[in-house]
Structures are given as C-alpha cells and as structure tokens.
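Geometric and topological summary
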Amino acid sequence: DSGVTQTPKHLITATGQRVTLRCSPRSGDLSVYWYQQSLDQGLQFLIQYYNGEERAKGNILERFSAQQFPDLHSELNLSSLELGDSALYFCASSVFASGGAETQYFGPGTRLLVL
Amino acid sequence: GNSVTQMEGPVTLSEEAFLTINCTYTATGYPSLFWYVQYPGEGLQLLLKATKADDKGSNKGFEATYRKETTSFHLEKGSVQVSDSAVYFCALSGSGGYQKVTFGTGTKLQVIP
C-alpha cells in the first residue's frame, strides 16, 4: 500500500460526458502527478501540482483539467469524453516538486471506460 | 527531448531462470534512472534507482547499473520467482532544475513454475 488513494476504482460512462477522478496523496506529500496509461500510448504524464499550484504540464488535452485543493487532494476533470479516453488514470505523489531523483508513490488507479 | 527505450515483451521465463530486461535512454547531462514495477491490478512501485554514473541500484534481488558510456540501465535478477510476474518500466528524470519523469513502454514478465 503506497498511501495514495484514488476514487473511484472503476468508472463507466458514455461519450460526451464529464467525469471527475479524485486523488489523495500520501500524508506529508505536497506534489500530485496525474498519468494516463493506455495500451497504445503507454504511460503518459499529464500534469503536476505542487502545494495547490500547477507545476508542470505534459500531454494533457484541453478537454482535461485538474486542480489541487488546500487539503492537498487533487481532482482530474475529463470532459466531452471520447472512446479514446478509455484508459487507466494514475495519481502519484511526492514530498517536494523537484522531479529529479525524487521517488513518486503511485495510487492503484481509476479505470475509465467510455462507451 | 528525453526518451527511454526498453525491450518489448512479453518475456516468459521458468522459475529460477536468469532475467535481463534491456533499457537504453537518451538524455542530456546526467539524468536519474529508475525501474518501476507494476503488479497485476496495482499502481507502479519504485523498484530501484540510480542517480549517477556507475551507481548500482538494487532491491529484492534485482539490480541495475547506470552505464553512461552505453546510455543503459539494464535490469537483472539471478533467479526469478513466480511472484516476480509483473510489468517493469524503465524511467528517467533529466538533470538541471525541475524535470518530469519519462517512462518506457513497459516489459511484461511472466514466470512459469
């Protein structure tokens, strides 16, 4: 158990809909990272927040957005969903925002299926 | 930009066989290198890491040595167990200021009794 929690575990929805994925980092960690894992694209970094502020952006679509709240939990919002958005979405956390050699701790993921 | 290339799977081995999963990277400067493991139905876990050239990371019988001259970080284990069946990801984080982690595509390992 990494100490990172994600809800829900599974999500089934229809094209065009909007969903919110939630992540609670390990106690004491200030950074939250979001990743998308799909069969064709592998593990892709989406976005990072550090202590409430956006810190780095990766391959995140404009239809997707995220935020980190004062209690440090984070939400990833996916809108106008398409079939291709079906994937595993992972959240990870770390103590600081330095990237580098800092270890990231991953949650169990949310499996999204868009029908 | 930074990139990681690892051998395609799946890799199927018998229990107690020797394991090598190849990983090479492209990056400027002196990146940090990682191996993460993903067991079925779980998130990724850090397996080992190395932060400078010639460093050897090791954990749970797995080892990898940071070879700058060949830009490689191959994962090895002398005797695999069925419980090692998982997907293994090589990753790197660049040097100098903030750098995001870049992951390889993953190599699935299946160990049969």
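In case you missed it, the structure is sitting above this.
In short, a report on the structure.

Definitions and cut-offs
- Residues numbered from 1 in each chain as written.
- Chains lettered and ligands numbered in written order.
- Predicted model: local features only at pLDDT ≥ 70, side-chain atom pairs only at ≥ 80, totals over all residues.
- Heavy atoms only, no water.
- Helix = DSSP H or I, 4+ residues; strand = E, 2+ residues; numbered from the N terminus.
- Rg over C-alpha atoms; globule rule 2.2 N^0.38 Å.
- Buried < 20%, exposed > 50% of the residue type's maximum accessible area, 1.4 Å probe, protein only.
- Contact = heavy atoms within 4.5 Å.
- Areas by Shrake-Rupley, 256 points an atom, 1.4 Å probe, with all protein chains shown as cover.
- Lys, Arg positive; Asp, Glu negative; His and termini not counted.
- Charge placed at Lys NZ, Arg CZ, Asp CG, Glu CD.
- Buried area = accessible area lost by both parts, 1.4 Å probe.
- Salt bridge = Lys/Arg side-chain N within 4 Å of Asp/Glu carboxyl O.
- Polar contact = N/O pair within 3.5 Å; in protein donor to acceptor, adjacent residues only side chain to side chain.
- 1 Å grid on protein atoms, 1.4 Å probe; cavity = no way out; pocket = protein on both sides within 12 Å on 5 of 7 lines; lining within 4 Å.
- Points joined across faces, edges and corners; volume = space filled by probe spheres on them.
- Nonpolar A, V, L, I, M, F, W, Y, C, P; charged D, E, K, R; others polar.
- Pairing = 2+ DSSP bridges.
- Axes fitted to C-alpha atoms, helices over the stretch in contact; angles between N-to-C directions.

Across its full length, chain A carries zero helices and 11 strands. When the helices and strands of chain A are listed from N to C terminus, the series reads β-β-β-β-β-β-β-β-β-β-β. The C-alpha radius of gyration of chain A comes to 13 Å, within 12% of the 13 Å expected for a compact globule of 115 residues. Here the C-alpha coordinates of chain A stretch approximately 35 × 25 × 25 Å along the principal axes. A total of 115 residues make up chain A; the buried ones form 53% of that total. Across chain A, contacts joining residues at least 24 apart in sequence account for 56% of those joining residues at least 6 apart. As displayed, chain A has an accessible area near 5,400 Å², and 50% of this comes from carbon and sulfur atoms. Here chain A contributes 8 positively and 11 negatively charged side chains, and the mean placements of these two sets differ by 3 Å.

Across its full length, chain B holds zero helices and 12 strands. Traced from its N-terminal end to its C-terminal end, chain B shows the element sequence β-β-β-β-β-β-β-β-β-β-β-β. Counting only C-alpha atoms, chain B reaches 45 × 25 × 20 Å along its principal axes. Relative to its 113 residues, chain B shows a buried fraction of 44%. Partitioning the intrachain contacts of chain B with sequence separation of at least 6 by distance along the chain shows that 56% fall at a separation of at least 24. Carbon and sulfur atoms provide 48% of the accessible area of chain B, an area that totals close to 5,300 Å².

What follows deals with the interface of chain B and chain A. Of the residues lining the interface, 20 residues belong to chain B; the matching set on chain A comes to 21 residues. In total, about 1,500 Å² of surface goes out of reach between chain B and chain A, with carbon and sulfur atoms giving 58% of it. Viewed at the interface, chain A and chain B are joined by zero salt bridges. Taken together, the links from chain B to chain A amount to three residue pairs in polar contact (both at pLDDT 80 or more). Looking at the side of chain B that touches chain A, the elements with two or more residues in it are β5 (32-38), β6 (44-50), β10 (86-93) and β11 (101-103) of chain B. No other element matches the four residues that β5(B) contributes to the side of chain B that touches chain A.

Bringing the pattern of salt bridges into the picture now. With the rule as written, the count across this model stands at six salt bridges over all chains. One salt bridge connects A:Arg63 with A:Glu82, and the closest N-O pair in it is separated by 3.7 Å. Of this pair, A:Arg63 sits in the loop between β6 (53-57) and β7 (64-68) while A:Glu82 sits in the loop between β8 (74-78) and β9 (87-94), placing them 19 residues apart in sequence. Residues B:Asp55 and B:Lys52 are paired through a salt bridge, measuring 3.4 Å at the closest nitrogen-oxygen approach. Classification of B:Asp55 as partly exposed rests on a relative accessible area of 21%. A cluster of three or more residues bridged by salt bridges with shared partners is formed by A:Arg63, A:Glu82 and A:Asp85.

Attention now goes to the layout of surface pockets. There is about 710 Å³ of room inside the largest pocket. Lining the largest pocket are 32 residues, with A:Gln37, A:Leu39, A:Leu88, B:Gln38 and B:Val87 positioned closest to its centre. Elements represented by at least two residues in the lining of the largest pocket include exactly β4 (31-38), β5 (42-50), β9 and β11 (110-114) of chain A together with β10 and β12 (107-112) of chain B. Taken together, the residues of the lining of the largest pocket break down into 13 nonpolar, 13 polar and six charged. In this structure, the second largest pocket encloses a volume near 250 Å³. Along the walls of the second largest pocket sit 15 residues, with A:Asp1, A:Ser2, A:Phe106, B:Gly43 and B:Gln45 positioned nearest its centre. Elements represented by at least two residues in the lining of the second largest pocket include exactly β10 (105-106) of chain A together with β6 of chain B. No other element matches the three residues that β6(B) contributes to the lining of the second largest pocket. Classifying every residue of the lining of the second largest pocket gives six nonpolar, seven polar and two charged.

What follows covers the sheet that holds strand β7 (residues 56-59) of chain B. Residues and elements named next belong to chain B. The strand order β3-β9-β8-β7 describes an open sheet built from four strands, whose pairing is antiparallel. Each of the sheet's edge strands pairs with one partner strand only, and the pair in question is β3 (19-21) and β7. The average undirected angle you get between the axes of adjacent strands in this sheet is 15°.

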